[in-house]
Amino acid sequence: MKIRFVIGLVLFFTVLFIISCESDSSIEFKRYYSEGAQIYQTRCQNCHGKNGEGLLSLIPPLTDSIYFKNNKATLACFIRRGSKDPIVVNGKGFASVMPRQDLAPVELAEVITYIQNSFGNKFGLTEVDDVQRVLNNCK
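Keep in mind it's a predicted model, so treat the numbers as computed, not measured. (Residues numbered from 1 in each chain as written. Predicted model: local features only at pLDDT ≥ 70, side-chain atom pairs only at ≥ 80, totals over all residues. Heavy atoms only, no water.)

1. A few points about the overall build of the protein chain
Point 1. Across its full length, the protein chain carries 6 helices and 2 strands.
Point 2. When the 139 residues of the protein chain are sorted by exposure, 35% land in the buried category.
Point 3. A separation threshold of at least 6 residues defines the contact pool for the protein chain, and within that pool the share at least 24 residues apart is 60%.
Point 4. Element-wise, carbon and sulfur atoms account for 59% of the exposed surface of the protein chain, whose accessible area totals about 9,200 Å². (Helix = DSSP H or I, 4+ residues; strand = E, 2+ residues; numbered from the N terminus. Buried < 20%, exposed > 50% of the residue type's maximum accessible area, 1.4 Å probe, protein only. Contact = heavy atoms within 4.5 Å. Areas by Shrake-Rupley, 256 points an atom, 1.4 Å probe, with all protein chains shown as cover.)

As structure tokens, then:
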């Protein structure tokens, strides 16, 4: 009887341990996402809004996953360098200026991870190596 109890207890804690373990990629995603949320709040939220809704016809929303999907390869350049060019999001044109954001590659990866996994978007982790590759090819 005592042996069954001990075996049951060991199995219980083993299952509990396995369930509570997170993969390294899951931990990394959560770290990037939470750091990106902080960057968004201090650098982006004032213009793009708390919920990424944008501002009327002046500032585009960040809720259009199609725009992100089609521009993933240039998003880091766009954020870092800013833009004076008009863009189309959700079929609506926006001609306002996007100011440059002097962010380190890791900060860009974090804020892109946050934006691309908030406001209805689900794109997963954007890694620093990917951002650095994009920045090396900015035009």
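Read on, since the account is not over.
2. Focus on the confidence of the model for the protein chain
The predicted coordinates ought not to be read in detail in places where the model reports low pLDDT.
Point 1. Summing up the model confidence of the protein chain, the mean pLDDT is 87 and the portion of residues at 70 or higher is 89%.
Point 2. Helix H5 (residues 105-115) holds the highest mean pLDDT among the elements of the protein chain, 96, whereas helix H1 (residues 2-20) holds the lowest, 68. (pLDDT = per-residue confidence, 0-100.)

3. Thoughts on the environment of Pro 60
Point 1. Locating Pro 60 in the fold gives a position in the loop between helix H2 (24-48) and helix H3 (65-71).
Point 2. Beyond its immediate stretch of four places on either side in the chain, Pro 60 contacts His 48, Gly 54, Ile 87, Val 89, Phe 94 and Ser 96.

4. What about the nonpolar core?
Point 1. Core analysis: the biggest nonpolar cluster contains 28 residues, and Tyr 40, Ile 79, Val 111, Ile 112, Ile 115 and Val 131 have the highest contact counts within it.
Point 2. If you list the elements that add at least two residues to this core, you get H2, H3, helix H4 (75-81), strand E1 (87-89), H5 and helix H6 (128-136).
Point 3. Among the elements that make up this core, the one with the highest residue count is H5 (6 residues).
Point 4. Apart from residues no more than four positions distant in its own chain, Ile 115 is found in contact with Tyr 40, Leu 62, Phe 68 and Asn 121. (Core = buried A, V, L, I, M, F, W, Y, C linked by side-chain atoms within 4.5 Å.)

5. Here's the deal with a nonpolar patch on the surface
Point 1. A surface patch of nonpolar side chains, amounting to about 330 Å² of accessible area, comprises Ile 3, Ile 7 and Leu 11.
Point 2. Counting through the fold element by element, Ile 7 comes out in helix H1.
Point 3. The class of Ile 7 is partly exposed, set by a relative accessible area of 48%. (Patch = residues over 30% accessible without salt bridge, like charges linked within 9 Å, V, L, I, M, F, W, Y side chains within 5 Å. Salt bridge = Lys/Arg side-chain N within 4 Å of Asp/Glu carboxyl O.)

6. Topic: the state of the cysteines
Point 1. A complete count under the given rule lists 1 disulfide for this structure.
Point 2. Across the disulfide from Cys 77 sits Cys 138; the S-S distance is 1.8 Å. Here the S-S torsion is close to -100°, and the disulfide linking Cys 77 with Cys 138 is therefore left-handed. Of this pair, Cys 77 sits in helix H4 while Cys 138 sits in the segment after H6, placing them 61 residues apart in sequence. Across the pair, exposure class does not vary: Cys 77 and Cys 138 are buried alike. (Disulfide = S-S within 2.5 Å.)

7. Details of the packing of H5 against H6
Point 1. Relative orientation of the contacting elements H5 and H6 amounts to 110°, with a least axis distance of 8 Å. With respect to H6, the element H5 is oriented roughly perpendicular. For the pair H5 and H6, the sense of crossing is right-handed. Side by side, H5 and H6 meet where Pro 105, Val 106, Leu 108, Ala 109 and Ile 112 of the first sit next to Val 128, Val 131, Gln 132 and Leu 135 of the second.
Point 2. Of the residues contributing to the contact of H5 with H6, the split by class is 8 nonpolar, 1 polar and no charged. (Axes fitted to C-alpha atoms, helices over the stretch in contact; angles between N-to-C directions. Parallel < 35°, antiparallel > 145°, perpendicular 65-115°, else oblique. Left-handed = near helix turned anticlockwise from the far one by under 90°. Nonpolar A, V, L, I, M, F, W, Y, C, P; charged D, E, K, R; others polar.)

8. Structural notes on the packing of H2 against H5
Point 1. Interhelical geometry of H2 versus H5 gives an angle of 90° and a closest axis separation of 7 Å. In terms of axis orientation, H2 runs roughly perpendicular to H5. Where H2 approaches H5, its residues Phe 29, Arg 31, Tyr 32, Tyr 33, Glu 35, Gly 36, Ala 37, Ile 39, Tyr 40 and Cys 44 are matched on the opposing element by Val 106, Glu 107, Ala 109, Glu 110, Val 111, Thr 113, Tyr 114 and Ile 115.
Point 2. The residue inventory of the contact of H2 with H5, partitioned by class, reads 12 nonpolar, 2 polar and 4 charged.

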